[in-house]
Amino acid sequence: PAKGKGWRQSGLKVRGRSGIMKTNAAERRGCFVRTMRQKARQVTDRAIICAMLDEMDTMYLGIHDEPAPYVVPLNFGYAFDQDLVFYFHCAKSGHKLDLLRRNPHVCVTAAQFVSYAGGSVKGHMHDYRSVIARGIAQQIDPAAEPQAFRAALARLLAHNHRSPEDADSPVARHLQMWRIVCRA
């Protein structure tokens, strides 16, 4: 679909005209896929999903907490080969990390508001894009997986229009890299 016409995807879920990739085996593999109510808005084409993610600069990470979910906005990078994998960086301690270590099952949402479709406000016609994916968060240990750590950091930097040389910054030694594997 053309930009401005709307898409949906999920499960991947891509929403706002977004969508869902679904397989029966997906739940057994930890994908936690839910079907979309408005299937006409579902997007399953990886190229379209990637084009949407390329336009988004913030993901919202939903983490299990009590008595309510804890949602954190983060910048991100991603790869979509066999599975959709999100990458994010953070400090080495904090509430988010405590929660992720307790329960790594998360929900990621990335969204972009485009416009009021057709200029309608009272009709609540909003044109937006979103990708919603459930997955499992895993810390990338730079000692055990040095190539994966550098590749994740490179993807995050590239997605955020940063120079690859920033990976060699002294600050990089003081952060953690995480991946969220969302089985497609």
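Whatever comes next refers back to the structure up there.
The structure reproduced in this document is the subject of the present report. All values derive from a computational prediction rather than experimental measurement.

Our focus in this paragraph is the pattern of salt bridges. Considering all chains together, one arrives at two salt bridges under this definition. A salt bridge links Asp83 to Arg183; the nearest nitrogen and oxygen atoms lie 2.7 Å apart. One end of the pair, Asp83, is in the loop between strand S4 (77–80) and strand S5 (84–90); the other, Arg183, is in the segment after strand S8 (176–182), with 100 residues separating them in the sequence. For Asp83, a relative accessible area of 11% puts it in the buried group. Close ionic contact of Glu145 with Arg179 constitutes a salt bridge, the shortest N to O distance being 2.9 Å. Here Glu145 is found in the loop between strand S7 (126–140) and helix H4 (146–159), whereas its partner Arg179 is found in strand S8, with 34 residues between them in sequence. Taking relative accessible area as the criterion, Glu145 reaches 27% and is therefore assigned partly exposed. A relative accessible area of 16% places Arg179 in the buried class.

With that settled, the discussion passes to the environment of Glu145. What Glu145 contacts, discounting residues up to four positions off in sequence, is Gln139, Ile140 and Arg179. In this structure the side chain of Glu145 is engaged in a polar contact, spanning 2.9 Å, whose partner is the side chain of Arg179.

For the rest of this paragraph, the subject is helix H3 (residues 95–102). Those residues of H3 that sit buried are Lys96, Leu97, Leu99 and Leu100. For H3, the angular spread of the buried residues around the axis is 160 degrees, confining them to a single face.

Structurally, Asp141 is set in the loop between S7 and H4. For Asp141 and Met177, which are 36 residues apart along the polypeptide, the C-alpha to C-alpha distance reads 7.7 Å.

The two faces of the sheet receive side chains in turn, since in a regular strand these alternate between them. Of all seven residues making up S8, seven are buried, and the element is well covered by its neighbours. Of the two faces of S8, the one holding Gln176, Trp178, Ile180 and Cys182 and the one holding Met177, Arg179 and Val181 are both buried throughout. Of the pairings in the sheet, the one linking S5 to S8 comprises seven bridges and is antiparallel in character. Within S8, the position partnered with Cys90 by the bridge is Gln176.

This part takes up unusual backbone geometry. Cis geometry marks the peptide bond from Glu66 to Pro67, where omega comes out at 10 degrees. Relative to the elements of secondary structure, Pro67 occurs in the loop between strand S2 (59–63) and strand S3 (70–74). Unusually for a residue other than glycine, His161 sits at a positive phi of about 55 degrees. For His161, the position within the fold is in the loop between H4 and S8.

Looking now at the environment of Glu66. Note on placement: Glu66 falls in the loop between S2 and S3. You can call Glu66 exposed: its relative accessible area is 57%. Sequence separation of Glu66 and Leu99 is 33 residues, and the distance between their C-alpha atoms is 9.9 Å.

Cut-off values and rules
- Residues numbered from 1 in each chain as written.
- Predicted model: local features only at pLDDT ≥ 70, side-chain atom pairs only at ≥ 80, totals over all residues.
- Heavy atoms only, no water.
- Salt bridge = Lys/Arg side-chain N within 4 Å of Asp/Glu carboxyl O.
- Helix = DSSP H or I, 4+ residues; strand = E, 2+ residues; numbered from the N terminus.
- Buried < 20%, exposed > 50% of the residue type's maximum accessible area, 1.4 Å probe, protein only.
- Contact = heavy atoms within 4.5 Å.
- Polar contact = N/O pair within 3.5 Å; in protein donor to acceptor, adjacent residues only side chain to side chain.
- Arc of directions from axis to C-beta.
- Pairing = 2+ DSSP bridges.

Fair warning: the whole summary comes from geometry, so function is off the table for now.
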